Amino acid sequence: MKRITHSSFGTNIARMLYKSFFVGTLAAVSFAASSIVSSAKADTQTPSPINSNDIEKYSRALLTIEQSRLQAFEELKKISGQVPTITCNKPKTIAALPTSKARDIAKKYCQRSQAIVKDSGLSVQLFNNITLKLRNDDSLKEQIHNTLIRLQRNRNSR
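This write-up is about the structure you can find in this document.

**Thoughts on the nonpolar core**
Then comes step 1: Counting 30 residues, the largest nonpolar core has Tyr 58, Ile 86, Tyr 109, Phe 127, Leu 140 and Ile 144 as the members making the most contacts within it.
Then comes step 2: At the level of elements, helix H2 (52-80), helix H4 (100-119), helix H5 (124-134) and helix H6 (138-156) are the ones that each hand at least two residues to this core.
Then comes step 3: Take this core: its biggest share by element is nine residues, from H2.

**Quick notes on the state of the cysteines**
Then comes step 1: Applying the stated criterion across every chain yields a total of one disulfide.
Then comes step 2: Here Cys 88 connects covalently by a disulfide to Cys 110, the sulfurs 1.9 Å from one another. Every disulfide takes its handedness from the sign of the S-S torsion; for Cys 88 and Cys 110 that torsion is -85 degrees, giving left-handed. One end of the pair, Cys 88, is in the loop between H2 and helix H3 (91-95); the other, Cys 110, is in helix H4, and 22 residues separate them in sequence. For the pair Cys 88 and Cys 110, a shared accessibility class is recorded, and that class is buried.

**A word on the packing of aromatic side chains**
Then comes step 1: Taken as a whole and judged by the stated rule, the model has two aromatic pairs.
Then comes step 2: An angle of 70 degrees between the planes, with centres 5.9 Å apart, marks the rings of Phe 73 and Tyr 109 as edge-to-face. Note that Phe 73 is positioned in helix H2 and Tyr 109 in helix H4, a separation of 36 residues in sequence.
Then comes step 3: When its relative accessible area of 6% is taken as the criterion, Phe 73 is described as buried.
Then comes step 4: We classify Tyr 109 as buried; its relative accessible area is 0%.
Then comes step 5: Over the ring of Phe 73 we find Arg 69; its NZ or CZ atom is 5.3 Å from the centre of that ring.

Reading the values: rules and limits
Residues numbered from 1 in each chain as written. Predicted model: local features only at pLDDT ≥ 70, side-chain atom pairs only at ≥ 80, totals over all residues. Heavy atoms only, no water. Core = buried A, V, L, I, M, F, W, Y, C linked by side-chain atoms within 4.5 Å. Buried < 20%, exposed > 50% of the residue type's maximum accessible area, 1.4 Å probe, protein only. Helix = DSSP H or I, 4+ residues; strand = E, 2+ residues; numbered from the N terminus. Disulfide = S-S within 2.5 Å. Phe/Tyr/Trp six-rings, centres within 6.5 Å; stacked < 30°, edge-to-face > 60°. Lys NZ or Arg CZ within 6 Å of the ring centre and 35° of its normal.

On their own, these measurements won't tell you what the molecule is for.
What follows is the structure in structure tokens.
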């Protein structure tokens with residue numbers, strides 16, 4: 001009896017899982033980015049176009065923030081048994097945490113996130129503007145998504 005194999009089937013599943021991983025990563029990172037948007041309002045002037053250098057810096061900052069977010073949220077989960085919703089520019093979300101230790105972890109996460117953005121070479125305002133623009137700009141989402149994939153591949157190939 002002749003056995004039919006579908007070698008492309010395994011490749012397609014792997015490719016689909018790989019894409020799903022990066023879409024999930026982009027979603028999680030976007031959530032993390034939106035949680036650190038500072039209380040300062042976005043500039044009301046017409047924002048300047050976002051260049052590829054800014055996209056690179058933004059993407060690097062997102063990946064670093066995501067690592068910090070995962071660590072902080074794991075610690076918070078140990079304390080409260082669940083992952084709380086924290087928005088750094090909404091102090092009530094931090095104040096609502098059950099213990100002072102949890103509030104300290106959340107505050108440190110927010111401070112680290114802002115420091116990561118500044119260390120990336122972007123201003124907090126530009127980072128926030130890019131985050132806000134991501135919500136409605138599919139082209140920008142795709143550019144950042146592709147940059148995140150490239151950066152992840154480079155990290156994994158080391």
